[in-house]
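Structure at a glance
Each chain, letter by letter, is given below.
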Amino acid sequence: HEDHLPDFENKVKAFFSEHIHDAEEIRYIIDGSGYFDVRDFEDKWIRIWIKKGDLMTLPEGIYHRFTCDTDNFIHAMRLFKGVPVWTPFNRPQEDHVSRKHYVEAYVEPTKAE
């Protein structure tokens, strides 16, 4: 919420830029709600509404973005394996090792079916 996050407007804009991470993203929603948008195997958006009590996991290398819903408030905990990694890599990232791993593990098997 803008009362709790310095530079709120710019942070929300940054979260809404489509990106990947080089580590799995795990979030537990402590309070509030918002939307994670992820790309399906045909590169179309899927919108996922997350709310208090939800646990959300995104695999390393998946294109995604986040935005608040109309309440404009979310309190989320990011969980990490090992050293915390926060770096977003904005699209396009087709040559990034994490993106290649994601495509090999999730996208290509669906094309073979």
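Below is a short write-up of the structure. (Residues numbered from 1 in each chain as written. Predicted model: local features only at pLDDT ≥ 70, side-chain atom pairs only at ≥ 80, totals over all residues. Heavy atoms only, no water.)

Remarks on the pattern of salt bridges
Applied cut-off: One side-chain nitrogen of Lys or Arg within 4 Å of one carboxyl oxygen of Asp or Glu is enough to make a salt bridge. Strands here are runs of E lasting at least two residues and helices are runs of H or I lasting at least four, both read from the DSSP assignment and numbered beginning at the N terminus. The buried label applies to any residue whose accessible area, calculated with a 1.4 Å probe on protein chains only, is under 20% of its type's maximum; exposed applies above 50%, and partly exposed to all values in between.
Applying the stated criterion to the full structure yields 11 salt bridges. Between E18 and R39 there is a salt bridge whose closest N-O contact spans 2.9 Å. Of this pair, E18 sits in the loop between α1 (8-16) and β1 (19-20) while R39 sits in strand β2 (residues 25-39), placing them 21 residues apart in sequence. Each of the two residues, E18 as well as R39, counts as buried. For the salt bridge of R65 with D37, the shortest nitrogen-to-oxygen distance reads 2.7 Å. Here the residue R65 occupies a position in strand β5 (residues 64-68), and D37 occupies one in strand β2, the gap between them amounting to 28 residues. Salt bridges sharing partners connect three or more residues here, namely E18, R39, D43 and R91.

Side note on the nonpolar core
Threshold: Buried residues of nine kinds, namely Ala, Val, Leu, Ile, Met, Phe, Trp, Tyr and Cys, make up a nonpolar core once their side-chain atoms join them within 4.5 Å. Any two residues whose heavy atoms approach within 4.5 Å are treated as being in contact.
F36, I50, L58 and F66 are the most contacted members of the largest nonpolar core, which has 15 residues in total. Apart from the residues within four sequence positions on either side, F66 is in contact with V12, F15, F16, G34, Y35, F36, I50 and I74.

Brief notes about helix α2 (residues 97-112)
Turn by turn, an α-helix covers 3.6 residues, leaving residues three or four places apart pointing in a common direction. Stated formally: Take the number of residues in a helix, subtract one, and multiply by 1.5 Å to get its expected span. At every residue, the bend is computed as the angle between two fitted axes, covering the seven residues ending there and the seven beginning there respectively.
Along its 16 residues, α2 runs 22 Å from first to last C-alpha, staying within 8% of the 22 Å computed at 1.5 Å per residue. The largest bend along α2 reaches roughly 40° and is located at V103. Among all positions in α2, only S98, R99, Y102, V103 and V107 are buried. On its buried face, α2 is in contact with β1 and β2.

Concerning the packing of aromatic side chains
Spelled out, the test is: In this analysis, rings of Phe, Tyr and Trp, with Trp reduced to its six-membered ring, are considered paired at centre separations within 6.5 Å, and the interplanar angle assigns stacked below 30 degrees, edge-to-face beyond 60, and tilted for intermediate values. We call a charge positioned above a ring when the Lys NZ or Arg CZ atom is no farther than 6 Å from the ring centre and deviates by at most 35 degrees from the ring normal.
Within this structure, the stated rule accounts for 4 aromatic pairs. Relative to F66, the ring of F15 has its centre 6.5 Å away and its plane inclined at 75°; by these criteria the two rings are edge-to-face. Residue F15 is found in helix α1, and its partner F66 is found in strand β5; the two are separated by 51 residues along the sequence. Residue classification places F15 among the partly exposed positions, given a relative accessible area of 39%. Among the aromatic residues, ring-to-ring pairing joins F15, F36 and F66 into one connected group. In this arrangement the basic side chain of R65 is found over the ring face of W45, its NZ or CZ atom lying 3.9 Å from the centre. Its end group placed over the ring of Y63, R91 keeps NZ or CZ at 4.2 Å from the ring centre.

Some details on the pairing of β2
Where we set the bar: In this description, strands pair whenever DSSP reports at least two bridges between them.
The buried fraction of β2 amounts to 11 of the 15 residues, a majority that puts the element mostly inside the structure. Both β2 and strand β6 (residues 74-79) contribute to a ladder of 6 bridges, which runs antiparallel. Across the sheet, G32 pairs through a bridge with I74, a residue of β6. In this sheet, strand β3 (residues 45-51) lies alongside β2 in antiparallel orientation, the contact comprising 7 bridges. When the sheet's bridge partners are listed, R39 is paired in β3 with W45. The antiparallel hairpin formed by β2 and β3 contains 5 residues in its connecting segment, where D43 sits at a positive phi of about 70°.

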